[in-house]
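Summary of structural features
Here's the letter readout for the chains.
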Amino acid sequence: MRMSARKLFSVPQHYQIPQTIRKYLHMIQSHNTHLSSPFLPKSPLVLSTNLIKSYFKNGQIFDACLLFDEMPSRDVVVWTTMITEFASRNLYSRALGVFRHMINDDQCVKPNEFTFSSVLKACKGMDSLSCGAMVHGLLMKYGIRGSLYVENALLDMYASCSGSMEDACSIFKDICVKNAVSWTTLITGYTHRGDELSGLLVFKQMLLEDAEINTFSFSIAVRACASIGLSAGGKQIHAAVIKHGLECNTPVMNSLVDMYCRCDSLIEANQCFDAMEERDLITWNTLIAGYEKCDPNEALNVYSRMESEGVIPNCFTFTTVIAAVSNLAVLSGGEQVHGGIIRRGLQRNLALANALLSMYAKCGEVAYSLKVFNDMTSKDLVSWTSMMIAYGSHGYGEAAALLFDQMISSGIWPDRVVFMAVISACSHAGLLDKGLRYFKSMFDDYHIIPDQEAYGCLIDLLGRAGRLEEAYQLIQSMPFLPDESVWGAFLGACKAHKNADMAKLVSREVLGLRPNTAGTYHLMFSNIYAADGEWGEYAKMRKLMKSTGNRKEAGRSWVEVRNQIHSFVAGDKVGSHVESVYDVLEVLIQHAKDAGHALDIGCLTDDMEEGTRNYS
DNA sequence: GTAGGGTTAG
């Protein structure tokens, strides 16, 4: 046997060999055979494998590599340990590198089923179908067959890597005795690529075949229902969960709470939450996130309940809480949460910093947003996009454009969303040419195909600049039928530029859309006609709205004054200090008139009830 | 001394 095996790793030049390794090497050299002694209770191979594992556990990867390199001989277990440890730390290419050395090594150690399942995991992690297929070939070459672990890992690799599901299905079919892992791996393969229905069909098949079923399969199936808003399916699975007596499993119950939240059934979500014997942080985070979208005040209540029960919040919790605060636009609340984040030392979390940046912008404090942005030690595409949205929503189009150019210079590749952010910022600041240049650059320089939403941005840009003809022609020439966002942008522009003729031109097409959205458009048209002074058409539209029962929910605004939130709708007649609000409004209108501005009736008709019109 | 599938945000 050779005394020194080939070295694999390069460690830094001035790296000091740790004392433990020196001692170990000394022992190996003095007992270079498989001896048992008071100093070597186990064989050197077992000892070194254990040592390597503990180095990895402590994050001392250099030491683990150094020790591996110094080993005079290596067996399949220590090779596999290296591969597994790298793969479980998401260092997939290093895992595959070790495997490559293993099969080319002079000592000819044959990989076993343990090795192959870790190697396949690394291929999956790299999303490399070609590597996976090559490993599949090697599996054949080494004649390894009949291990369910390997078959499931192979199935997982084909089901997870980009490509078709055909290979995964064929592996699945060939597994003689499938276990719960085989089934759930196939289901996850479908759901991860957005084909929830196929995943649910496999789950159904699993139940029909009376296959081994466990908690994992249930939570995956519930999540599939949640993703596509299939509450009926989710309820059926809930019944099956009860039938199988799995109500005490926290992950399964968490997925049910999430499913009900996503299906807007907050009552059922609460019932599940209350029925749970044990709740973990995910349970609380899920319920808070559920309320964040529909009732941000209640989301904050759940958060304080969670804190009062002594549950320690994490980054997920804070991100959701910040979103709730943003929805309420309560600056003081946002600052309190920011304080809590700093106290817990979580301010370096990127997603959290991005959420804080957006929160300050929504609360009207762009300068704070910029401070968060500048203080970030690392920024991702979301950070840049959020800062551009912050600038854009406050009318700082030039600043957003400058930021976009800085982002490109810093080497970040843009996506569709960041283009929409910068185009929208240009649109709100009246920077028509700049906005058009960005739209052109999106597909000319970055080959991003604009979707409906991106076209909506462009139409908004043209519309706000008063180029209604061009906007209309663009709608006609788009590669898809215009949706609500496109018509919304166009009609908003018709209204702003008091162009009832253009609005009439498209009314037939727009009102032919889905009946449940027509109400919104009726209101828009009525406002456009009102803005144009066509009160007859306005009255007709309002009548039509009432007859169809369509009613757009009134937009609610609120303002925070001395730690107190005042909420109101347009034309509000009730609430505290309403009279003084109207008095101030009178003064402002008079100031505007004195400055030579005519009162724009169009901006006062939005969402207003009949009585309020008298006011203008 | 070596291997597998699940739940929360952006």
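Throughout, residues of each chain are indexed from 1 in the direction in which the sequence is written. Here the convention is simple: chains get letters from A, ligands get numbers from 1, in the order in which they are written. This being a predicted model, a pLDDT of at least 70 is required before a residue's local features are given, and a value of 80 or more before pairs of side-chain atoms are given or counted; all residues contribute to the totals for chains, interfaces and linings. In computing side-chain properties, one takes all heavy atoms of the structure into account and sets aside hydrogens as well as water.

Once that is clear, we can look at the protein's contact with DNA strand B. Put simply, a residue is near a molecule or strand once any heavy atom of it comes within 4 Å of that molecule or strand. DNA strand B sits among 45 residues. The nearest are Asp75, Asn152, Asn254, Phe316 and Ala351. Think of a polar contact as two N or O atoms within 3.5 Å of one another; within protein, one of them needs to be a possible hydrogen donor and the other a possible acceptor, and neighboring residues in sequence only count if both atoms come from side chains. Taking Asp75, its side chain carries an N or O atom lying 2.7 Å from a base nitrogen of DNA strand B. Between DNA strand B and the protein, one listed contact pairs a base oxygen with a side-chain N or O atom of Asn285 at 2.7 Å. The nonpolar class holds Ala, Val, Leu, Ile, Met, Phe, Trp, Tyr, Cys and Pro. Asp, Glu, Lys and Arg form the charged class, and all remaining residues, Gly among them, are polar. Residues that form the surface near DNA strand B fall into these classes: 16 nonpolar, 22 polar and 7 charged.

Classification of ring pairs rests on two measures: the distance between centres of Phe, Tyr or Trp rings, Trp counted by its six-membered ring, which must be within 6.5 Å, and the angle between planes, read as stacked under 30 degrees, edge-to-face over 60 and tilted in between. Scanning the model with the defined rule gives 22 aromatic pairs in all. With centroids separated by 6.2 Å and ring planes inclined at 85 degrees, the aromatic side chains of Tyr391 and Tyr396 adopt a geometry described as edge-to-face. Residue Tyr391 is classed as buried on the basis of its relative accessible area, which comes to 13%. Aromatic rings pair up to connect Phe9, Phe56, Phe68, Trp79 and Phe86 into one cluster. For the exposure calls, accessible area comes from a 1.4 Å probe over protein chains only, and a residue counts as buried if that area is under 20% of its type's maximum, exposed if over 50%, partly exposed in between.

This paragraph deals with the pattern of salt bridges. Any Lys or Arg side-chain nitrogen located within 4 Å of an Asp or Glu carboxyl oxygen qualifies as a salt bridge. In the structure shown here, the tally under the stated rule is 15 salt bridges. A salt bridge links Arg74 to Asp69; its shortest N-O distance comes to 4.0 Å. In this structure Arg74 comes out as buried when scored by relative accessible area, which is 4%.

This paragraph deals with the environment of Val311. Its place among the elements puts Val311 in the loop between α17 (296–308) and α18 (315–328). Distance from Val311 to Trp284, taken between C-alpha atoms, is 8.7 Å for residues 27 residues apart in sequence. The contact rule is simple, with two residues in contact once any of their heavy atoms fall within 4.5 Å. Ignoring sequence-local partners within four residues, the contact set of Val311 consists of Leu281, Trp284 and Met306. Strands here mean DSSP runs of E at least two residues long; helices mean DSSP runs of H or I at least four residues long; both are numbered from the N terminus.

For the rest of this paragraph, the subject is the packing of helix α7 (residues 129–141) against helix α8 (residues 148–160). Look at α7 against α8: their axes get within 10 Å of each other, and the N-to-C directions meet at 155 degrees. Taken together, the axes of α7 and α8 lie roughly antiparallel to each other. Crossing geometry of α7 relative to α8 is assigned as left-handed. Within the contact between the two elements, α7 uses Leu129, Gly132, Ala133, His136 and Leu139 and α8 uses Val150, Leu154, Met157 and Tyr158. In this analysis, axes come from line fits to C-alpha atoms, helices being fitted only over the stretch in contact, and the angle between any two N-to-C directions falls in the range 0 to 180 degrees. What sets the label is the angle itself: under 35 degrees gives roughly parallel, over 145 gives roughly antiparallel, 65 to 115 gives roughly perpendicular, and the rest give oblique. By convention, the crossing between two helices is left-handed when the near helix turns anticlockwise from the far helix through less than a right angle, and right-handed when the turn is clockwise.

By the element assignment, Thr250 lies in helix α14 (residues 250–262). Looking at Thr250, the relative accessible area reads 14%, which means it is buried. Those residues within four positions of Thr250 in sequence are excluded, and the remaining contacts are Met276, Glu278, Asp280 and Thr283.

Attention shifts here to a nonpolar patch on the surface. Within this analysis, patches are made of residues with over 30% relative accessible area and no salt bridge. Like charges are joined at 9 Å or less; nonpolar side chains (Val, Leu, Ile, Met, Phe, Trp, Tyr) at 5 Å or less. The method behind every accessible area is Shrake-Rupley, applied with a 1.4 Å probe, and residues are considered shielded solely by the protein chains displayed. A contiguous nonpolar patch, built from Leu197, Ile228 and Leu230 and spanning about 250 Å² of accessible area, is present on the exposed surface. Relative to the elements of secondary structure, Leu197 occurs in helix α11 (residues 196–208).

Ranked by size, the top nonpolar core spans 167 residues in total, and within it Met388 and Phe490 carry the most contacts. Not counting residues up to four positions away in its chain, the partners in contact with Phe490 are Ile459, Leu468, Ala471, Tyr472, Ile475, Met502 and Val506. What is meant by a nonpolar core is a set of buried Ala, Val, Leu, Ile, Met, Phe, Trp, Tyr and Cys residues, joined one to another through side-chain atoms within 4.5 Å.

Let's shift gears to helix α28 (residues 484–496). A helix's residues, less one, multiplied by 1.5 Å, set its expected span. In this model α28 runs 18 Å from its N-terminal to its C-terminal C-alpha over 13 residues, within 8% of the 18 Å that 1.5 Å per residue would give. Within the sequence span of α28, burial applies to Val486, Trp487, Ala489, Phe490, Leu491, Ala493, Cys494 and Lys495. With its phi angle positive at about 50 degrees, Lys498 sits one or two positions after the end of α28.

A few words now on the UniProt feature "repeat: PPR" (unreviewed entry) in chain A. UniProt positions are given in the numbering used here, feature names are shortened, and annotations may be inferred rather than shown by experiment. In the numbering used here, UniProt assigns the feature "repeat: PPR" (unreviewed entry) to residues 280–313, 380–414 and 451–481. From the first C-alpha to the last, residues 380–414 spans 11 Å; its make-up is 74% helix and 0% strand. Annotated as 74% helix and 0% strand, the span residues 451–481 places its first and last C-alpha atoms 11 Å apart.

All right, on to the side chain of Asp63 then. As for its position among the elements, Asp63 is in helix α3 (residues 61–70). Within the structure, the side chain of Asp63 is placed 2.9 Å from the side chain of Gln60, a separation counted as a polar contact.

Here we come to unusual backbone geometry. Of note in the backbone geometry, Asp210 takes a positive phi value of approximately 55 degrees without being a glycine. Checked against the element boundaries, Asp210 lands in the loop between α11 and α12 (215–227). The exposure class of Asp210 is exposed, given its relative accessible area of 69%. At Lys498, a residue that is not glycine, the phi angle is positive and equals roughly 50 degrees.

This paragraph deals with helix α15 (residues 266–275). Looking only at α15, the buried set comprises Leu266, Ala269, Asn270, Cys272 and Phe273. In an axial view of α15, the angular spread of the buried residues amounts to 160 degrees, which keeps them on one side of the axis. For α15, exposure combined with an orientation more than 90 degrees from the buried face picks out Ile267 and Ala275. Those residues of α15 hidden inside the fold are in contact with α13 (231–243), α14, α16 (281–294) and α17. The reported arc concerns the directions from the helix axis to the C-beta atoms and nothing else.

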